[in-house]
Amino acid sequence: MNLSKLRQTRLFRLSILYSVLIAVGVSIILGGFVLFAQKQLLAQVDAGLIAEGNALYALNHAEGKQALVNTLTERRQAVNANGDDPGARFYALMNQDNEFVINDTPFSLAGDKQPLSEPFTMATPVTLEQSDGDEVRRLRVIVEPLQDNGRLLVGQSLNEIDELRYAMLAALLLSVAAVLISGFIGGALIGRKMVEHLYSVTRATREIMRGNLDKRLQTTPKNDEFDDLSHILNLMLDRIQRLIEDTREANASIAHDLRTPLTHLRSRIETLQQGAQPGSGDDESLGKCLEDIDKLIATFNALLTITGLESAAENISLTPVDLDELAGDIIELYEALAEEKRITLRFESEPGSMIKGNRNLLAQAISNLVDNAIKYSHEGGEIRIGISSHGQRVKLAIQDNGPGIPEHFHDQVFKRFYRMDASRSTPGNGLGLSLVDAVAQAHQARITLRNLAPGLEVTLSFQCLAQPARSSPVR
């Protein structure tokens, strides 16, 4: 199965949907963890800054400003000795004249003394940002007013926290991508396996629908849920096959057993009719009896033909058939019947419309369609029979000007013995279109009905055996 068909399956779409939902859940959980971790780390930095600010303030209060300067100088020397420590603190001290006594901050305060001039308190550390080209550095600082109107700044770079945050965000994105990719691959693998099994069920079902009742669903030694389902369906198919075969055998037996005595009865009536005087009442009555018997025999013959097609559709003999020639021969046979109703038969065809089929069955199906068209067309009307090619298909269309068939009856008329006339007073036995449908299925053809208002168009579409020549003679 290719990827385009796999994407159309519901199982694959559900797998992708679940992967997206899991990815959203992972994003929410990890995103919350990143925010929580950043908040905790920032709280630790603030606690450290406040503690050191308090200690330096107490030192300045207890021992004086010089002791504070000495302590800050020692700490600056220790930081310089340790090299570039991203977590090291920095300090700035201004006197009451706003002059720097000590300034080892990583940013310039020469032209901007705002951090030292704002009335910050120890309880509210603030974050400052400084742009250095494309790089933005974030700093966390606190400012403490001293007793001599000087100010003390204690700060720490947040680069270390920012780098950790970026690393966690990258891990978050990679996790989401991994979930989506895993879901896509897993959905494709699982979906392909399950869909292949469903396709095997579909293929087997289509063969059964075409009349191969011996076809069964495949099972594997795994005995999984699909095998259990296939086993149950196979049991159901066995039961259905037995019922259908029993019904077909019963229908065939009844039709055959009744057709034989009817044939014998017809022969006896013919013998009696030969002995009756022409023009007498007995002769007329015997003639009507023969007509009724012929109708019964035709009904049983149609039943036997339909039953035979349904039970052995794959075993019928198929040979190349020129549909144009066959339809022309049948139309010639029905010209006399059409003339009785002053109906014109117009035949338009494309010579060389070759299909593969059974000539006798096709002739019977076309005869039924033409006979129906003549039966239901109005006197003085016209019936069009056309054969045309459409790509790899050959279509036989028969149009009449009769009352047509309502669209909601289109599926019903192919059932056996179904008649739109509920009183069943019109001639016929309700097997004509059933036989046409059985012949079409045996030839893997498509039959469609279309209302013309007035009239009806019946179309049989066959697989073309050879590309027909393009010409349009009219008979």
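It should be emphasised that the depicted structure is a prediction, and the values quoted were computed from it without experimental measurement.

A. Summary view of the side chain of D322. In this structure, D322 sits in strand β6 (residues 319-322). Of the side chains with opposite charge, R359 comes closest to the buried, unpaired D322, at an N-O distance of 7.6 Å.

B. Spotlight on the pattern of salt bridges. In the structure shown here, the tally under the stated rule is 12 salt bridges. The shortest N-O distance in the salt bridge between D238 and R216 comes to 2.6 Å. Within this pair, whereas D238 is found in helix α6 (residues 225-275), its partner R216 is found in the loop between α5 (159-209) and α6, the two being separated by 22 residues in sequence. Overlapping salt bridges bring together R346, E348, E382 and R384 as one network.

C. Spotlight on the environment of E382. Inspection of the secondary structure assignment puts E382 in strand β9 (residues 382-390). Using a relative accessible area of 33% as the deciding quantity, one classes E382 as partly exposed. Considering only alpha carbons, one finds E382 and R342, 40 residues apart in sequence, at a separation of 8.8 Å. Residues within four places of E382 in sequence aside, it is in contact with I343, T344, R346, Q399, D400 and N401. A distance of 3.3 Å separates polar atoms of two side chains, one belonging to E382 and the other to R384.

D. The arrangement of unusual backbone geometry in detail. Geometrically, the link from A453 to P454 is a cis peptide bond, its omega value of 5 degrees lying close to zero. Residue R342 is not a glycine yet carries a positive backbone phi of 55 degrees. With respect to the secondary-structure elements, R342 resides in the loop between α8 (323-340) and β7 (344-348). Classification of R342 as exposed rests on a relative accessible area of 55%. Positioned with a positive phi, Q444 is a non-glycine residue whose angle comes to about 55 degrees. Assignment of secondary structure puts Q444 in the loop between α10 (432-442) and β11 (446-451). For Q444, a relative accessible area of 59% gives the class exposed.

E. Main features of the pairing of β9. Side chains of β9 alternate between two faces, with I383, I385, I387 and S389 buried and E382, R384, G386, S388 and H390 left unburied. As paired elements, β7 and β9 share five bridges and run parallel to each other. Bridge pairing in β9 links F347 to I385. Of the strand pairs in this sheet, β9 and strand β10 (residues 393-399) are connected by seven bridges, and their pairing is antiparallel. Bridging across to β10, G386 finds its partner in A397. With antiparallel pairing between neighbouring strands as the criterion, β9 and β10 make up a hairpin whose turn holds two residues, including G391 at a positive phi of roughly 70 degrees.

F. Representation of α10. Of all 11 residues in α10, nine are buried; the element is thus mostly enclosed. Within α10, the full set of buried residues consists of L433, S434, L435, V436, D437, A438, V439, A440 and A442. In the segment just after α10, Q444 is the residue with positive phi, at about 55 degrees.

G. Molecular detail of a nonpolar patch on the surface. Side chains of I181, F184, I185, L189 and I190 sit close together on the surface and give an oily, nonpolar patch of about 500 Å² of accessible area. Tracing the chain through its elements places F184 in helix α5. Overall, F184 belongs to the partly exposed group, its relative accessible area being 39%.

H. Layout of the sheet that holds β9. Spatial strand order, β7-β9-β10-β12-β11: five strands in an open sheet with mixed pairing. A single partner strand is all that each edge strand has here, and the edge strands are β7 and β11. Strand-to-strand twist in this sheet, taken as the mean axis angle between neighbours without regard to direction, amounts to 15 degrees. Here β10 pairs with strand β12 (residues 456-463) via seven bridges, running antiparallel. Note that in β12 the partner of V394 across the bridge is F462. Of the strands in this sheet, β7, β9, β10 and β12 touch α8, which is tilted by about 170 degrees from β7.

Conventions and cut-offs
- Residues numbered from 1 in each chain as written.
- Predicted model: local features only at pLDDT ≥ 70, side-chain atom pairs only at ≥ 80, totals over all residues.
- Heavy atoms only, no water.
- Helix = DSSP H or I, 4+ residues; strand = E, 2+ residues; numbered from the N terminus.
- Buried < 20%, exposed > 50% of the residue type's maximum accessible area, 1.4 Å probe, protein only.
- Lys, Arg positive; Asp, Glu negative; His and termini not counted.
- Salt bridge = Lys/Arg side-chain N within 4 Å of Asp/Glu carboxyl O.
- Contact = heavy atoms within 4.5 Å.
- Polar contact = N/O pair within 3.5 Å; in protein donor to acceptor, adjacent residues only side chain to side chain.
- Pairing = 2+ DSSP bridges.
- Patch = residues over 30% accessible without salt bridge, like charges linked within 9 Å, V, L, I, M, F, W, Y side chains within 5 Å.
- Areas by Shrake-Rupley, 256 points an atom, 1.4 Å probe, with all protein chains shown as cover.
- Axes fitted to C-alpha atoms, helices over the stretch in contact; angles between N-to-C directions.

In short, geometric facts, not functional conclusions.
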